[in-house]
Amino acid sequence: KNRASACVKKMQELNPYVAVASLEGDLPMADIAARKFNVVVLIEGTEAQAVAVDDACRACSPPVPFIRSDIRGVFGSLFCDFGPGFEVSDVNGEALKG
């Protein structure tokens, strides 16, 4: 099993009202363009794949949120692109004091 397939059950448990699917093989760029997905999560893709998928997601109207996750040994990275209308109001990442 690849990592995406292994995660489907746990991701589905987060919200039983949302359909979660894992795709293997070629990336379905036409399906992204047709907005068949509400969110696209790319796991262990190359940088070129991530850029191509993110570009396809951003080209949709409205943009499809894109999340890229990679794990390399004990290190991991996460990239989120929720479109140009997404605003972050957290100034510095620190917890509010009060």
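The structure displayed is predicted, hence computed values, not measured ones.

**Q** I'm lost on the sheet that holds strand E1 (residues 40-43) in this one. Help?
**A** Strand order across the open sheet formed by three strands is E1-E2-E3, with mixed pairing between neighbours. This sheet does not close on itself; its edge strands, each paired only once, are E1 and strand E3 (75-81). Taken pair by pair, the neighbouring strands of this sheet meet at an average axis angle of 10 degrees, ignoring direction. Two strands pair when backbone bridges link them, and E1 and strand E2 (residues 66-72) are joined in this way by four bridges, in the parallel orientation. Across the sheet, leucine 42 pairs through a bridge with arginine 68, a residue of E2. Sheet strands in contact with helix H3 (residues 47-59) are E1, E2 and E3, and its direction is about 165 degrees off that of E2.

**Q** I tried to follow the pairing of E2 on my own but got confused; where do I start?
**A** Sheet faces and side chains relate simply in a regular strand, where the side chains alternate between the two faces. For the crossover from E1 across H3 to E2, the handedness is right-handed. By the bridge criterion, seven bridges tie E2 to E3 in an arrangement that is antiparallel. Within E3, the residue paired with phenylalanine 66 across the bridge is aspartate 81. Counted between consecutive antiparallel strands, the loop separating E2 from E3 contains two residues, among which glycine 73 sits at a positive phi close to 65 degrees.

**Q** In this structure, what is going on with the nonpolar core? I would like to understand it.
**A** General note: in soluble globular proteins, nonpolar side chains tend to be found buried as a group. Residues Ile32, Val40, Leu42, Ala50, Val53, Ala56, Cys57, Cys60, Val64 and Phe66 constitute the largest nonpolar core, which totals ten residues. Sorting elements by how many residues they give to this core places H3 first, with four residues. Discounting chain neighbours no more than four positions away, the residues touching valine 40 are Ile32, Val53, Cys57, Val64, Pro65, Phe66 and Ile67.

**Q** Help me understand the environment of aspartate 81, please; the structure alone is not making it clear to me.
**A** Relative to the helices and strands, aspartate 81 resides in strand E3. On the basis of relative accessibility, which here comes to 8%, the residue aspartate 81 falls in the buried class. In the structure, aspartate 81 is positioned 39 residues away from leucine 42 in sequence and 12 Å away in space, judged by C-alpha atoms. Aside from chain neighbours lying at most four places away, what touches aspartate 81 is Asp54, Arg58, Val64, Pro65 and Phe66. Among the polar contacts made by the side chain of aspartate 81, one reaches the main-chain amide nitrogen of glycine 83 at a distance of 3.0 Å.

Thresholds, definitions, all that
Residues numbered from 1 in each chain as written. Predicted model: local features only at pLDDT ≥ 70, side-chain atom pairs only at ≥ 80, totals over all residues. Heavy atoms only, no water. Pairing = 2+ DSSP bridges. Helix = DSSP H or I, 4+ residues; strand = E, 2+ residues; numbered from the N terminus. Axes fitted to C-alpha atoms, helices over the stretch in contact; angles between N-to-C directions. Contact = heavy atoms within 4.5 Å. Right-handed = clockwise from strand over helix to strand, strands pointing away. Core = buried A, V, L, I, M, F, W, Y, C linked by side-chain atoms within 4.5 Å. Buried < 20%, exposed > 50% of the residue type's maximum accessible area, 1.4 Å probe, protein only. Polar contact = N/O pair within 3.5 Å; in protein donor to acceptor, adjacent residues only side chain to side chain.

Taken by themselves, the reported measurements are silent on function.
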